[in-house]
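# Report on the structure
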Amino acid sequence: LLTVSTCQLVIIPFGRATMVANEALAASLRASQVPPFKVMEVMIAAHERERAGLPVLHLEVGQPADGAPAHACEAAKRALDACAAGRTTLGYTISDGIDPLRAAIARDYKIQYGVAVDPADVMVTTGSSAAFVLGFTAAFDHGDRVAIATPGYPAYRNILEALGIEVVSIPVDASTNFQPTCELLDAALDGKPIKGLIVASPSNPTGTVLKRDELFELIDWCKSKKVWFVSDEIYHKIEYGDERATTALEAPGGAETCLVINSFSKYHCMTGWRVGWCVVPQALRPAMNALQQNLFINAPHVSQVAAAAALDPDGDAVLRGHVVKYARNREILMAGLPEAGFTKLSSAGGAYYIYADVSDFSTDSIALCKRILDVTGVACVSGVDFDRERGHHFVRFSFCGSTETCEEAVRLLRERRDEWRKH
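The sections below set out a description of the structure shown in this document. Because the structure is predicted, anything quoted here is derived from the model rather than measured. (Residues numbered from 1 in each chain as written. Predicted model: local features only at pLDDT ≥ 70, side-chain atom pairs only at ≥ 80, totals over all residues. Heavy atoms only, no water.)

### Some points on the nonpolar core
Counting residues in each nonpolar core, the largest one holds 61 residues, and the members touching the most others are Leu 101, Ile 105, Tyr 109, Leu 197, Phe 229 and Phe 264. Grouped together as the second largest cluster of nonpolar side chains are 39 residues, Ile 234, Leu 319, Tyr 353 and Ile 354 included. (Core = buried A, V, L, I, M, F, W, Y, C linked by side-chain atoms within 4.5 Å. Buried < 20%, exposed > 50% of the residue type's maximum accessible area, 1.4 Å probe, protein only.)

### Remarks on the sheet that holds strand β10 (residues 258-263)
Taken in spatial order, the 7 strands line up as β5-β11-β10-β9-β8-β6-β7 in an open sheet, and their pairing is mixed. If you trace the sheet from one side to the other, it starts and ends with β5 (122-125) and β7 (166-171), each paired once. Averaged over neighbouring strand pairs, the angle between their axes works out to 20 degrees when direction is ignored. By the bridge criterion, 4 bridges tie β10 to strand β11 (residues 276-279) in an arrangement that is antiparallel. Across the sheet, Ser 263 pairs through a bridge with Gly 276, a residue of β11. Along the sheet, helix α7 (residues 182-189) makes contact with β6 (145-150), β7 and β8 (196-200), crossing β7 at roughly 130 degrees. (Pairing = 2+ DSSP bridges. Helix = DSSP H or I, 4+ residues; strand = E, 2+ residues; numbered from the N terminus. Axes fitted to C-alpha atoms, helices over the stretch in contact; angles between N-to-C directions. Contact = heavy atoms within 4.5 Å.)

### Some points on the pattern of salt bridges
Inspection of every chain in the model, using the stated rule, returns 22 salt bridges. Among the salt bridges present, the one from Lys 325 reaches Asp 66, with a minimum N-O distance of 2.7 Å. Placement of the pair is Lys 325 in helix α12 (residues 316-339) and Asp 66 in the loop between β4 (57-58) and α3 (70-84), with a sequence separation of 259 residues. With a relative accessible area of 26%, Asp 66 lands in the partly exposed category. Taking the shortest distance from any N to any O, the salt bridge between Glu 161 and Arg 157 comes out at 3.6 Å. (Salt bridge = Lys/Arg side-chain N within 4 Å of Asp/Glu carboxyl O.)

### A word on the packing of α7 against helix α8 (residues 212-224)
One can describe the packing of α7 onto α8 by two numbers: an axis separation of 10 Å at closest approach and a directional angle of 40 degrees. By the angle class used here, α7 and α8 are oblique. Contacts between α7 and α8 involve Cys 182, Leu 185, Asp 186 and Leu 189 from the first element and Glu 217, Leu 218 and Trp 221 from the second. A per-class count over the contact of α7 with α8 returns 5 nonpolar, no polar and 2 charged. (Parallel < 35°, antiparallel > 145°, perpendicular 65-115°, else oblique. Nonpolar A, V, L, I, M, F, W, Y, C, P; charged D, E, K, R; others polar.)

### Examining helix α6 (residues 154-162)
In an α-helix, one turn spans 3.6 residues; hence positions three or four apart end up facing the same way. In terms of burial, α6 is largely enclosed, as 7 of its 9 residues are buried. Every buried residue of α6 is listed here: Pro 154, Ala 155, Tyr 156, Arg 157, Asn 158, Ile 159 and Leu 160. As for α6, its buried residues are in contact with α5 (127-139), β6, β7, β8 and β9 (228-232). Immediately beyond the C-terminal end of α6, within one or two residues, lies Gly 164, with a positive phi of roughly 80 degrees.

This is how it looks when you write it as structure tokens:
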């Protein structure tokens, strides 16, 4: 018996050898370093509270209260009925997605932004999550440096780090509307090059929106330094200010330097259908096609059929009505949260999140959220998912649920303020 490293080399008949591990099999070090979402712990605690018969007011997740548009569901039903009748299989599609959906996405860019998009540049993905994996893998190599604003959507960092990419945090705050600027980028990089910049407008968790000129300045900065600009636009069309969110494709040269990612989860209320898309620069198309074919094959066929129907302009009135409701919910929280003690709020010009600075009365927002849930039944989430360094001083509220939920949450937070603020 010869011991080699942590394994044993065992000699067995016929001259063959095998390695027998001394230790139990385990997940890779790379995977083990990816942290779980803290929001899931809040969801579990809220679920346990509901199982105990206690009320919960859900302000913790970005799950719209409404489901997929009726005309999208009807299209999916027709496709399923045709499959049941043997008229179609709903089998594999080409990896880029079905032609009607890619054409509908391109048409929507023309209607919404006045931008001409070639359907051939559109890749349909299994939610925006798959688009991030495909885009990051295609654009960045192991060891490359990619900048993200913090606070920001935690999956950016976690996917990048799982791929061996160095994340460069750009700390942002209320002074820049929680969005990066060219000055902040220059200061944070300290002369060291980056390969990519990821920007979300409207953003999660702050709901802030970049103005057109601000977005273009960032894209110009990236172009001048040969940096990929990744534009997360999944909250587009959910906006409350006078100026709509601008797609990166509107910027001069944006189609060549920007990877634009979007989804049907938010505006179209299709979170569980797992269908999104990206508009892919020509230089990334071959790589992303190959990766899609090998990693995901294609987005779910029936979801693509439903998504194509969801983009029918005749059905958009219902979706715009949802945004009117979100706007009302936002007004309730922006007025009511300060009365409950949350006086430092993000501008929340888009999406359906408000990011609250609680540093005046808490340095542990995880414990604070637990007390709020226990005392009031209001489920909200700590900022630690979105900002590992400063998140303990912040809480995020989501307002995509019912207006009644928002009204009751504000009332309870205000009336029981002295209880949940006790340490």
